[in-house]
Amino acid sequence: MKPSRPNDLFLDPRISRREMLRRASNGFGALALAAMFSPAVPDALAAIVAPPRRSLEPKLPHFPAKARSVIFLFMEGAVSQVDSFDYKPLLAKYHGQDPRQAIGKLEKTQFENIGRVLKSPWNFRQRGQCGMWISDLFPRLAERADDLCVLRSMTSNFPEHTSANYFLHSGSGLQGRPSAGAWVTYGLGSVNADLPGYVVLNGGQIPSGGLDNFGSGFLPATYQGSLLHARGMPLANVVPNEKMATVQEAKRRLVGRLNQQGLENSGREDALESAIANFELAARMQVAIPGLMDLAGESEATKKLYGFDAPYEHTRTYARECLLARRMVERGVRFIELTIPMVDGYNRWDAHGGLVKNHGDNARAVDQPIAGLLADLKQRGLLDDTLVVWAGEFGRTPFAQGGDGRDHNEFGFSVWLAGGGVRGGMTYGETDDWGYKATTNKLEMHDLHATILHLLGLDHEKLTYRFSGRDIRLTDVHGQVVKEILA
Amino acid sequence: MNRGLFMPVLVLAFSAGTVPFSSMAAGGGDEFFETKIRPVLAEHCFDCHSASAGKLKGGLRLDGRKELLAGGETGPAIMPGQPETSLLIRAMTHRDKDLAMPPKKPKLPDAVIADFERWIREGAVWPATETAAPKPKIGDFNLEQRKKKQAWLWEAPRRQAAPTVKNIRGPLGTEDRFILRRLEDAGITPAPAADDRTWLRRVHFVITGLPPGREEIQAFLADTKPGARERVVDQLLASPHFGERWARHWMDLMRYAESRGHESDYIIANAWHYRDYLIRAFNDGVPYDQFLSEHLAGDLLPVPRLRPGTEINESVLGTGWAFLGEEVHSPVDIRQDECERIDNKVDVFSKTFLGLTVACARCHDHKFDPIRAQDYYALSGFMLGSSFRQVRFEAMENNRKMAAELAALRERFVPGLAKAVAASHERGLGQTADYLLAAREVLLAEKQNAAAVSAEAARKNSLDSSRLQRWGELLGTTAANPASPLHSFAKVALHPDSVVPGRFVDLLAAHRQARPAGLPTGARVVADFTRPDQQPWKVDGEAFGPRPLRPGDIIAGNNPTNPIARVMTYGAARRDLFWNHLKSAPGNQNDSGTLAATARSGQMLRTPTVTLGVGRLHYLIRGKAKVYAAVDSHLMVDGPLHARLVQTFDGGAKPEPRWVTHDLSPYSGHRTHVEFGPEGTGELEVLMVVESAEVPKWQPGAAFEPSASARSSADYAKEFQNALVAANRHLGRGTLANSPESARDAALANWLVQNPTLSGALPDVATLAMAGEFLAAQSNLASRVRWESQTAVAWFDGTGVDENILVRGKPFQPGAVSPRSLPAVFAPAKTITTASSSGRYELARQLVDPANPLVARTIVNRVWHHVFGRGLVASVDNFGALGDRPTHPELLDHLAWQLVHEDHWSLQQLIKRLVLTRTFAMSSHAAEARAEELDPSNTLLHRMPVRRLEAEAIRDSLLAVSGRLNRTVYGPPVPVHLTEFIVGRGRPEQSGPLDGDGRRSVYAGMRRNFLSTLMQTFDAPTPFSTVGRRNITNVPAQSLALMNDPLFHQQAGVWAERLLRETREADAAARVRWLFESAYGRLPADQEIAACLESLRDLRQLHNTTDGQSTAVWGDLCHALLNASEFIYVK
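We now turn to the structure provided with this report. (Residues numbered from 1 in each chain as written. Chains lettered and ligands numbered in written order. Predicted model: local features only at pLDDT ≥ 70, side-chain atom pairs only at ≥ 80, totals over all residues. Heavy atoms only, no water.)

**Focus: the packing of aromatic side chains**
Working step 1: Under the criterion given, the structure shown has 56 aromatic pairs over all chains.
Working step 2: Seen from their ring centres, W183 of chain A and F218 of chain A are 6.3 Å apart, and the 75° between their planes marks the pair as edge-to-face. Highlighted residues: W183 of chain A in helix α7 (residues 180-188) and F218 of chain A in the loop between β6 (198-202) and β7 (226-229), separated in sequence by 35 residues. Each member of the pair, W183 of chain A as well as F218 of chain A, is classed as buried.
Working step 3: Here the aromatic rings of F529 of chain B and W537 of chain B are separated by 6.1 Å at their centres, their planes lie at 80°, and the arrangement is edge-to-face. (Phe/Tyr/Trp six-rings, centres within 6.5 Å; stacked < 30°, edge-to-face > 60°. Helix = DSSP H or I, 4+ residues; strand = E, 2+ residues; numbered from the N terminus. Buried < 20%, exposed > 50% of the residue type's maximum accessible area, 1.4 Å probe, protein only.)

Structure representation (structure tokens):
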């Protein structure tokens, strides 16, 4: 059964602004309380249609949006652009030569262990109708070339993982700033009353820099990413401790009565009212999250599409994450981030040595699930308003680190977007002949953020939060929407 | 075009005109110009092409339509309607290399160029204000104008008359009058008084963060004598829990954490001493001016504050805050990284103490406040002039005293010992020349004849044969020892040619020429301890003694038969081996990374800060040193990139020092200072730090050289003997340092005491006794030294650094120097010029000057915020133009004035005044519905707000109510209980107990990347910068925690057991009353009792029991009571 997708206010012409305001400002009030204390079945509460919540209630975008949700496939550790989406035949020609001779002056790298020019071990081919060059590293994903919009001229400001991860996530290289997912949820709220607005599905790798990559920084904690485990208990405290559900219900009844009494004692008090609302939302989450995670209703064909039957364990893990991501999109979760599985013996995509095995294994884990996700979203008509973002924190050098690895390279690398109002089957921007530095239409992280916000109907210059007397933005004082890629 | 028509309709329908999209979409309108065109012109063009341009380029101005049409040397810049032919567009697209604009920079984004094309196509509309406002420049900043916008803020708080009020019922404090007057003016009746129980619970949470126990409630209710409330307040302020509560508030400002975050979350060793320092400071009632001074200059106060009854230095602990932020290991751009760290320190400092966001001025003058970029960099200098250390705070005061005693002891004994030693040498020195010449003869003789020559020489001059043999041995090794006073004698007189008549003079001249002279050309002296008086003496601990040693300084040894171990022949910073037994106390943490600050604690010497040129530093040292070059103050040294910053060097054990080279050439152009610490237990002397491309050859000139009239070995020997006798006399009289030939005399005296047997001297009994007495006194002193100490994070003061203004905040664009100072807008601001210190002490003095307009206001506002839930200035960290305006400006000034002039900066007194006001005692029910209408957000305080407890108070309440609270005060952090949701790189190996050992939350471990989920859920701030006002959110995760967190279940069970234990005979209703009173501080209403009894019946049924004592049933009821809102809210 396909759950009906919750409506965003701005897409639903039946709800007037006045009605929206009325709903929002009327408080939780009598309706909810009455339902809570009715002697009927405890689940009577679930029948209340999307009770407005204080901070996560849906908000209007600045202008009509193309995308309603974002799925962020974070390729932590940094995928090599010259082995995936940025075809550079010259590398083969100069393979084995001293890059200082062939390329010229080199920037400092993290390890300063500069080897030879290194051609890609993977063959490149033209794919799809569009004829985009993609390597054999991603055979299944390459079949979806016509859905992809590859940005080949991305840059970052930081060559170290942690700072670059923070930068990619929050637009700042420092710890403690709100993550893009938090900004988006702050800007748009959530249309699902039973799930958090920003969810991080943990596939095994917690990125360098830790949970602060998903933090809400100075934004209220409401907006921080909720870390869901793809297996086991998905979320802290979401599984009742009581052996019997009836015991928790009995307690909830008592708490409801005491809270009502408290409300009467103290008069109308917003804080108390919303605490009561949250109490009930929490109760619903205990149902909604296990429901989300339960894949029994998914067909075998669907699971196969994602790679549930793949021989490689990590493909299966990532398949599960991707399928869960689709299920969250269906449920209206605003921003979904997937972390990659802990591929054996390897440090993320961070191929300082053993490029072939490192990238080969990591790609094996994610290739089919991502291709399956795109196909599934498309066949369900969800891709049009779901923006899929695939990005690492930087790229890798076109020359070797030591013999068979590649060092960090923040001067030019590829990320791609799909669905959600971007043009498929196109590339934007270029690096130089080596895939080393962005040369044409150079992009900064802030531009990527500005564009993502734009697709969601948010003006990155207007999405501000006042902290310590300053109006702060995700894009700081930078950022240009990449208009050329908009569908 | 479709979109253009369609979009405004949608936008207007759904955003009710918040976005002026209509004008944007209309193309060439004003809005489009102002948002898309003018800013680009201003940023990229006006520097060279406007009225305000320093030098107009190409005769072209782009700051008006007229000017654009007129154009410059190459013709009109635009042709309205024809972007294709407009020069401006051609320039922007970089089509022609010669015309490419902006010059030498990448092309502007295509989107921007498209905007310009559109603007020109649509007529190049330039709105009425013809001349564009130029980008603000430093020169344009008008301080006085800025000040005027908030004139009151920049005046020192003045004494305020208490306003008159009409409606006085009962006692009314001064503070109440300010509140009441505003309410009366607004026509609002304040809320009635809260009942005693509500007031008691409220005041308990405000002062201690813990709920009142049942006994405390009973005692308070039973105290019917006047002053009962004051007595409660006094008790609470005297309780150690007061400090725990208020220290936690302060920790939010200091972004307190015990690890460095970033990738691997390295620990900040021993950070928790700072937390305990805070708790003690609040509990001990340390006045705020002292508290602030300790934060800024606790290491520099002339008289440090000691922990009462001990010698433990409290003041120095206050400086630890500077290093509680994030640190990156192995950043590629080390200087950029430093800028971020300094920015964070300036940010924390200015928000916390000044209530200003100075960090806004990092890239340009502040947009609104009277703060210039220059002011930001003036504050940076204070942070740059000091570095990181682990300080031996427990032992340092004791050791400082012991060091003084040691110096006194040596002063008492050493002259006498030197005199005795000199006297014993005196007798044998008359034959020096004879021995020297005889030894020469022996050494010059054929090997097989040596014994015979020796015997003959001894006989001829009646010399002692074994003594002669020692002379021979010594002289034999001297040629290879340039530090020996006999080096030139060995080189010249032992030369085979020296026997050739007349050759002696040539040999001597040649030798003199061979001596290396000065430093290499272009060399720069970073530190020169050979000239001790000209060198700022910056040390941590006593290990390098009270000052650098001078030539001629006498060093006593541990051998009573040779009590003088050494006479300094050159100036040097010398490790005093007396201090060799310093140890780290058990349990003290080692610092992360290769810097290993803990191990170096108390035995460090540092140079002034310099900016590296060629980047090759050469150290002239003797012995082994562990050296840290603090380039860009990078301290989290670990990983591949900056390993060279921390290195061990060995200057050898020979008498002469040696040059070793620290290659820092990759850091050329970066700022650094150098810290020397000992390695191992041997001697260490540091003479000089020099930067130059080549290794210097210079050595301190101490060797004996004969006069020009010496024509032969015999002349030489005679002169040597005379000089030795003279030096010995100076040694005996204690005049070595003042003698006309002090360097030579010191060298000779040292040579003498190092080779006592050459003079045949034997100490007499009296000397032995004196030496014995000295050594006994010294070891007695050693037994009183506090060798072991905990260490804590602290500032290590360096030399004055004045930072350059960095253009647009970019480290590679240094501008003019900005001398250290408070921002110029502050009345007491005076440039601080001291070169021998960071200047933090002077800064602290300016801050606590009563004329300072913001320091007192900021802190009283913070206290008000914590007592009443919102500051008089709601934006507690920002009083500036972008902050909130004070709701009661006169009250703010009254409180600030009172704090400084009447309460001697006592925060306890301030808190006491506030919680005893009638305002604080109001109910949280409004007196009338009108009040809510007239003052809907309660800014006038017509009632007390209902507040959610902070994360820590929620958890602490839970423990207090269940009876599990472990009231132990102070100590190392309790590790966080790790769940599967606390994950990431550098995860602690050990998980703490679920209940955190029952300790208060302030003692929970604070690993930056592994913060407690429960605390985060309830809005404990992420520690990255000052957070004076926490978010208060309502999120389902909070309810989930209350419902399902194992800690709440566990403690509900503990509470139930306590209930059943303490109320054995009571019936269920009485138990419910007991529970309500414990959890909420009040008794339940009848219907609440009824609801609980009903719930108990249900639960018994569900648990299938009839047992009235069932802990399972009561535990569930307890858990429900903990879930009710009242548990986490205070009225």
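So that's the structure; there's more coming.
**Here we look at helix α37 (residues 1086-1102) of chain B**
Working step 1: With 17 residues, α37 of chain B extends 24 Å from end C-alpha to end C-alpha; this agrees with the ideal 24 Å at 1.5 Å per step.
Working step 2: Following α37 of chain B by one or two positions, N1104 of chain B adopts a phi angle in the positive range, close to 60°. (Expected span 1.5 Å × (residues − 1).)

**Topic: the interface of chain A and chain B**
Working step 1: Contact residues are listed per partner, giving 84 residues for chain A and 79 residues for chain B.
Working step 2: Surface buried jointly by chain A and chain B totals about 7,100 Å² across both partners, of which 59% is contributed by carbon and sulfur atoms.
Working step 3: Across the contact surface, chain A and chain B share three salt bridges.
Working step 4: Among the salt bridges present, the one from D1116 of chain B reaches K251 of chain A, with a minimum N-O distance of 3.1 Å.
Working step 5: Our count for the chain A to chain B interface comes out at 15 residue pairs in polar contact (both at pLDDT 80 or more). (Contact = heavy atoms within 4.5 Å. Buried area = accessible area lost by both parts, 1.4 Å probe. Salt bridge = Lys/Arg side-chain N within 4 Å of Asp/Glu carboxyl O. Polar contact = N/O pair within 3.5 Å; in protein donor to acceptor, adjacent residues only side chain to side chain.)

**Concerning the sheet that holds β7 of chain A**
Whether parallel or antiparallel, the strands of a sheet pair through hydrogen bonds between backbone atoms.
Residue and element names in this part refer to chain A.
Working step 1: One open sheet accounts for eight strands, arranged β7-β6-β8-β1-β9-β12-β5-β13; its pairing is mixed. Each edge of the sheet is formed by a strand with only one pairing partner; in this case those strands are β7 and β13 (426-428). Pairwise comparison of adjacent strand axes, ignoring direction, gives a mean angle of 20° for this sheet.
Working step 2: Against the sheet, helix α6 (residues 161-170) contacts β1 (69-74), β6, β8 (335-338) and β9 (386-391), and its axis sits at roughly 165° relative to β1. (Pairing = 2+ DSSP bridges. Axes fitted to C-alpha atoms, helices over the stretch in contact; angles between N-to-C directions.)

**A short note on the pairing of β9 of chain A**
Regular strands place side chains that alternate from one sheet face to the opposite one.
Residues and elements named next belong to chain A.
Working step 1: Across the six residues of β9, six count as buried, placing the element largely inside the fold.
Working step 2: By the alternation rule, side chains of β9 split into T386, V388 and W390 and L387, V389 and A391, which are all buried.
Working step 3: In the sheet, β9 pairs with strand β12 (residues 413-419) via four bridges, with the strands oriented antiparallel. Following the sheet pairing, L387 is matched in β12 by G419.

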